[in-house]
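So the chains spell out like this:
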Amino acid sequence: MRSHSRHFAALAALLFLGGCSDDPAQPDPVVCDPELTSVTANVSGGLSPVFDWDPACPVAMVLVEEQAHDKWGLMTDEAGWDDPATANIIEPPVTYGVVPDGLIELPNPEALEPGVTYELILWRILPAGSTAVCEARFDDACLLTVHTFAR
C-alpha cells in the first residue's frame, strides 16, 4: 500500500509542475469564475485607447458610450449567447476601432474627441439560471463595469 502512495505522490507532483511555466512568453492562463460579475477596467491614453480589465476574463460585449450614446463597440454573435463559452470570447486588451476576426462591430462607429468624457462598458454572459448579482442584468447578460474616462 505504501508503494502506491509514493507513486501517487510522485505523479501528483509531476502533474502540478507540468501545469506551471517559467516561460514569460507563455503566461499561465487566467481561470475565470463562470459567474464573474465585476472587473476593474483600465484605459490607455489617446484617441485610439487600449482597454484592459482585471481579471482578464473574456466578455461578450465591449461598448464605448458618451452620455448613453454608442460611439463604438464590439460584440459576439448573439446566436451564441445561450452558452457562455461561445458568447464570452472577447479577451483583453481591446483597441478602440480595431475589430478582431470573428467579432461584430456595432454600426456607425464614431471617432473619439479630445476633451470629452466617455464610458467603457463591459457585458458578460452568465450560465443559464445564474442567481449572481450584477450592476445591471438583462436575461443572462451581466454588466461587469462602467468605467469613465476622458480624452
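Residues numbered from 1 in each chain as written. Predicted model: local features only at pLDDT ≥ 70, side-chain atom pairs only at ≥ 80, totals over all residues. Heavy atoms only, no water.

**Student:** I'd like a rundown of the pairing of strand S2 (residues 50-54), residues and numbers included.
**Tutor:** Side-chain alternation along S2 places Phe51 and Trp53 on a buried face and Val50, Asp52 and Asp54 on a face that remains uncovered. Relative to S2, strand S1 (residues 40-43) runs antiparallel, the two sharing four bridges. Across the sheet, the residue bridging to Ala41 is Trp53, located in S2. The loop that links S1 with its antiparallel partner S2 comprises six residues; one of these, Gly46, has a positive phi angle of about 90 degrees. (Buried < 20%, exposed > 50% of the residue type's maximum accessible area, 1.4 Å probe, protein only. Helix = DSSP H or I, 4+ residues; strand = E, 2+ residues; numbered from the N terminus. Pairing = 2+ DSSP bridges.)

**Student:** For the sheet that holds strand S3 (residues 61-66), give the residues involved together with the corresponding values.
**Tutor:** As summarised here, the arrangement of the six strands in space is S6-S4-S3-S7-S9-S8, forming an open sheet in which the pairing is antiparallel. The outermost strands of the open sheet, each flanked by one partner alone, are strand S6 (104-105) and strand S8 (137-138). With nine bridges joining them, strand S7 (residues 117-125) and strand S9 (residues 141-150) adopt antiparallel strand pairing. Paired with Tyr118 across the bridge in S9 is Phe149.

**Student:** Explain the nonpolar core residue by residue, including any values.
**Tutor:** Judged by nonpolar contacts, the single largest core of 26 residues is most densely connected at Phe51, Trp53, Val64, Ile90, Leu120 and Leu122. For this core, the elements supplying multiple residues, two or more each, are S2, S3, strand S4 (69-75), S7 and S9. Every residue in contact with Ile90, bar those within four places of it in the chain, is listed here: Trp53, Cys57, Pro58, Val59, Ala60, Met61, Val62, Leu74, Met75, Thr76 and Leu103. Residues Met61, Leu63, Ile125 and Leu143 belong to the second largest nonpolar core, which totals 12 residues. (Core = buried A, V, L, I, M, F, W, Y, C linked by side-chain atoms within 4.5 Å. Contact = heavy atoms within 4.5 Å.)

**Student:** Go over the state of the cysteines with me, naming the residues and quoting the values.
**Tutor:** According to the stated counting rule, one finds two disulfides in the structure shown. Across a sulfur-sulfur distance of 2.2 Å, Cys32 and Cys57 are joined as a disulfide pair. Given an S-S torsion of about -105 degrees, the disulfide between Cys32 and Cys57 has left-handed geometry. Taken together, the residues Cys32 in the loop between helix H1 (2-18) and S1 and Cys57 in the loop between S2 and S3 connect sequence positions 25 residues apart. Overall, Cys32 belongs to the partly exposed group, its relative accessible area being 24%. Cysteine pairing for the protein, with bonded cysteines counted in sequence order: 1-2, 3-4. (Disulfide = S-S within 2.5 Å.)

**Student:** Give me the lowdown on the environment of Tyr118, citing residues and values where you can.
**Tutor:** Topologically, Tyr118 is positioned in strand S7. For Tyr118, a relative accessible area of 0% corresponds to the buried category. Taking C-alpha positions, Tyr118 is 8.0 Å from Arg151, a pair spaced 33 residues apart along the chain. With residues up to four places along the chain from it excluded, the contact list for Tyr118 reads Val64, Glu65, Glu66, Lys71, Ala111, Leu112, Glu113, His147, Thr148, Phe149 and Arg151. Of note is the side chain of Tyr118, whose polar atom sits 2.7 Å from the backbone nitrogen of Glu113. (Polar contact = N/O pair within 3.5 Å; in protein donor to acceptor, adjacent residues only side chain to side chain.)

**Student:** Tell me about the pattern of salt bridges, and name the residues and values.
**Tutor:** According to the stated counting rule, one finds three salt bridges in the structure shown. The closest approach of N and O atoms between Glu66 and Lys71, which form a salt bridge, is 3.5 Å. On the basis of relative accessibility, which here comes to 24%, the residue Glu66 falls in the partly exposed class. Lys71 is paired through a salt bridge with Glu110; the nearest N and O atoms lie 2.8 Å apart. Here Lys71, found in strand S4, pairs with Glu110, found in the loop between S6 and S7; they are 39 residues apart in sequence, far enough to count as distant. Looking at Lys71, the relative accessible area reads 3%, which means it is buried. (Salt bridge = Lys/Arg side-chain N within 4 Å of Asp/Glu carboxyl O.)

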